[in-house]
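Listed below are the residues making up each chain.
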Amino acid sequence: MARYAKEHKQATRQRIIEAAGRRFKKDGIDGSGVSTLMSDAGLTNGAFYAHFDSKEDLVANAVADQLGTQNASLEALAPGRAGLEQFVRAYLSAEHRDDPENGCPTAALLDEIGRCTDATKQAFTDGLLTVIDDIAARLAPDSPPSAHAQALGVFAMMVGTLQLARALADPKLADDVLDQGVHNALALLDAGPVRQRRVRRPS
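Residues numbered from 1 in each chain as written. Predicted model: local features only at pLDDT ≥ 70, side-chain atom pairs only at ≥ 80, totals over all residues. Heavy atoms only, no water.

## A closer look at the environment of Ser146
Residue placement: Ser146 occurs in the loop between helix 7 (118-139) and helix 8 (148-167). Using a relative accessible area of 33% as the deciding quantity, one classes Ser146 as partly exposed. Along the backbone, Ser146 and Thr36 are 110 residues apart, and their C-alpha atoms lie at a distance of 44 Å. (Helix = DSSP H or I, 4+ residues; strand = E, 2+ residues; numbered from the N terminus. Buried < 20%, exposed > 50% of the residue type's maximum accessible area, 1.4 Å probe, protein only.)

Okay, structure coming up:
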């Protein structure tokens, strides 16, 4: 019975984390209260502190979980350059632009993460670098570190392009921004590693 209780608690905690990740991306971190987050998970407010010390604790866990899910999706794509092109085209698509709730946590939450606690920033940094590691390994299978700066540059450009497209009131202009972003990202992927120092993980 004790083992079941522990497993049940872990499953409930994960359900809260996943529901919170979607809500944060849809309404923002500041715009998502604990009552709404718990309602999304089908639970009462009173259950929150059985799983998390604070809302910021949940935010850090949700950010890490969202980036882990994104990396798993990237890993599931075709190997090498072909998978990267799939990633770019799906990322800079109208479907992704119009569905932030189920999309990239970086594009949806970047400005707010910059104002979060160090724990949330660390969770974001660790998760982002895992995504960058995968991109770099596809760009330079024999020497992934040599492609870290290139991978980070491509991803940063994609994030900014998506954010800009989401902010525009003109749908045609937003589509044009995404199309140009795909062109730019693919060109940057084919440009070869830039001569810069490797992106290092914090110690």
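That shown, we press on.
## Notes on helix 9 (residues 171-189)
Structurally, the α-helix is built with 3.6 residues per turn, so residues lying three or four positions apart point the same way. When the terminal C-alpha atoms of helix 9 are compared, their 27 Å separation across 19 residues agrees well with the 27 Å that a helix rising 1.5 Å per residue should span. Among the residues of helix 9, Ala174, Val177, Leu178, Gly181, Val182, Ala185, Leu186 and Leu189 are the ones counted as buried. Projected onto a plane normal to the axis of helix 9, the buried residues spread over an arc of 160° and lie on a single side. Of the residues in helix 9, the exposed ones pointing more than 90 degrees away from the buried face are Lys172, Asp179 and His183. Looking at the buried side of helix 9, the elements it contacts are helix 4 (80-91), helix 5 (94-97), helix 7 and helix 8. For helix 9, the capping residue at the N-terminal end is Asp170, with a side-chain oxygen 3.0 Å from the backbone nitrogen of Lys172. (Expected span 1.5 Å × (residues − 1). Arc of directions from axis to C-beta. Contact = heavy atoms within 4.5 Å. Polar contact = N/O pair within 3.5 Å; in protein donor to acceptor, adjacent residues only side chain to side chain.)

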